[in-house]
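What follows is each chain in one-letter form.
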Amino acid sequence: MLYDYLDTPIGKLTIYSSENGIMRIDFPNDKHMKCDRGTNEFIDSCKKQLKLYFDGRLREFKIKLDIKGTDFQKSVWKELMKIPYGFYATYGEIAKRIGKPNASRAVGNALNKNPIPIVIPCHRVIGSDMTLKGFGGGLNVKAFLLEHEGIAFKK
């Protein structure tokens, strides 16, 4: 496993990759995983696409991912990737879309475990009352990402 950094408007992100794809993206305050610093085609592609996203020139990521999680978590993360740039969904809507209409809280837990934020856009999930709920990078980062994409929410 390798990692490298990317400076962004939300701080320095740490991008981790296996030989199969991107495994995780950490926010500046996250604990650093122990592995070698370096780069490969997956990290290079991820950095390029994230730069384009923050420049407002990319709306859909095409990054090879190497995701680890439970089947439920993977179903939630897969559904998140269907939410287009500039749109949002609620926790309840995601629960319904994956066939578990009473699992809003479990959806929230899966979002909390999302190893690849921004690329797997958990920031696009908001409360049914249009307010921001928890986010690994902090609510200020979630607000920044939503505003960057032109998504309205209650402050």
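Residues numbered from 1 in each chain as written. Predicted model: local features only at pLDDT ≥ 70, side-chain atom pairs only at ≥ 80, totals over all residues. Heavy atoms only, no water.

**Student:** Teacher, can you tell me more about the layout of surface pockets here?
**Tutor:** Unfilled space is identified by rolling a water-sized probe across the atoms. Counted as a void, the largest pocket has a volume near 280 Å³. What lines the largest pocket is a set of 18 residues, and nearest its centre among them are Leu111, Asn112, Lys113, Asn114 and Gly136. For the lining of the largest pocket, the secondary structure elements donating two or more residues are strand 3 (22–26) and helix 4 (104–112). Its residues assigned to classes, the lining of the largest pocket shows eight nonpolar, five polar and five charged. Residue contributions to the lining of the largest pocket reach at least three from each of two domains, namely domain 1 (2–55) and domain 2 (71–149). Looking at the second largest pocket, its volume works out to about 160 Å³. (1 Å grid on protein atoms, 1.4 Å probe; cavity = no way out; pocket = protein on both sides within 12 Å on 5 of 7 lines; lining within 4 Å. Points joined across faces, edges and corners; volume = space filled by probe spheres on them. Helix = DSSP H or I, 4+ residues; strand = E, 2+ residues; numbered from the N terminus. Nonpolar A, V, L, I, M, F, W, Y, C, P; charged D, E, K, R; others polar. Domains from an automatic or database assignment.)

**Student:** Can you walk me through the domain arrangement of the protein chain in this structure?
**Tutor:** Where the parts come together, the accessible area they lose is often given as the size of the interface. Here the protein chain is described as being made up of domain 1 (2–55) and domain 2 (71–149). Facing 11 residues of domain 1, the contacting portion of domain 2 comprises 15 residues. Inspection of the region where domain 1 meets domain 2 yields three residue pairs in polar contact (both at pLDDT 80 or more). Elements represented by at least two residues in the side of domain 1 that touches domain 2 include exactly strand 3 and helix 1 (41–54). A per-element tally of the side of domain 1 that touches domain 2 places strand 3 first, with four residues. (Contact = heavy atoms within 4.5 Å. Polar contact = N/O pair within 3.5 Å; in protein donor to acceptor, adjacent residues only side chain to side chain.)

**Student:** Help me understand helix 5 (residues 139–148) in this model?
**Tutor:** Helical geometry note: an α-helix holds 3.6 residues per turn, so side chains three or four residues apart project in the same direction. Looking only at helix 5, the buried set comprises Val141, Lys142, Ala143, Leu145 and Leu146. On its buried face, helix 5 is in contact with helix 1, helix 3 (91–97) and strand 6 (125–126). Directly after helix 5, the chain includes Gly150, whose backbone phi takes a positive value near 75°. (Buried < 20%, exposed > 50% of the residue type's maximum accessible area, 1.4 Å probe, protein only.)

**Student:** Honestly, the sheet that holds strand 4 (residues 36–37) in this entry has me stumped. Any pointers?
**Tutor:** Sheet strands line up and pair through hydrogen bonds in the backbone, either parallel or antiparallel. Taking strand neighbours across the sheet as the criterion, the four strands line up as 3-2-1-4 in an open arrangement whose pairing is mixed. Edge strands, defined here as strands with exactly one partner in the open sheet, are strand 3 and strand 4. Direction of pairing for strand 2 (residues 11–17) relative to strand 3: antiparallel, over a ladder of four bridges. In the strand pairing of strand 3, Ile15 is matched with Ile25. (Pairing = 2+ DSSP bridges.)

**Student:** Explain the nonpolar core to me, please; I cannot follow it from the model alone.
**Tutor:** Across soluble globular proteins, nonpolar side chains show a tendency to be buried alongside one another. Grouped together as the largest cluster of nonpolar side chains are 40 residues, with contacts concentrated most on Ile22, Ile25, Leu50, Val76, Leu80 and Ile118. Listing elements by their share of this core, those giving two or more residues are strand 2, strand 3, helix 1, helix 2 (71–80), helix 3, helix 4 and helix 5. In terms of residues, this core owes the most to one element, helix 1, which gives six residues. Counting the residues that make up this core, at least three belong to each of domain 1 (2–55) and domain 2 (71–149). Beyond its immediate stretch of four places on either side in the chain, Ile25 contacts Leu13, Thr14, Ile15, Cys46, Leu50, Pro115, Ile116, Pro117 and Val119. (Core = buried A, V, L, I, M, F, W, Y, C linked by side-chain atoms within 4.5 Å.)

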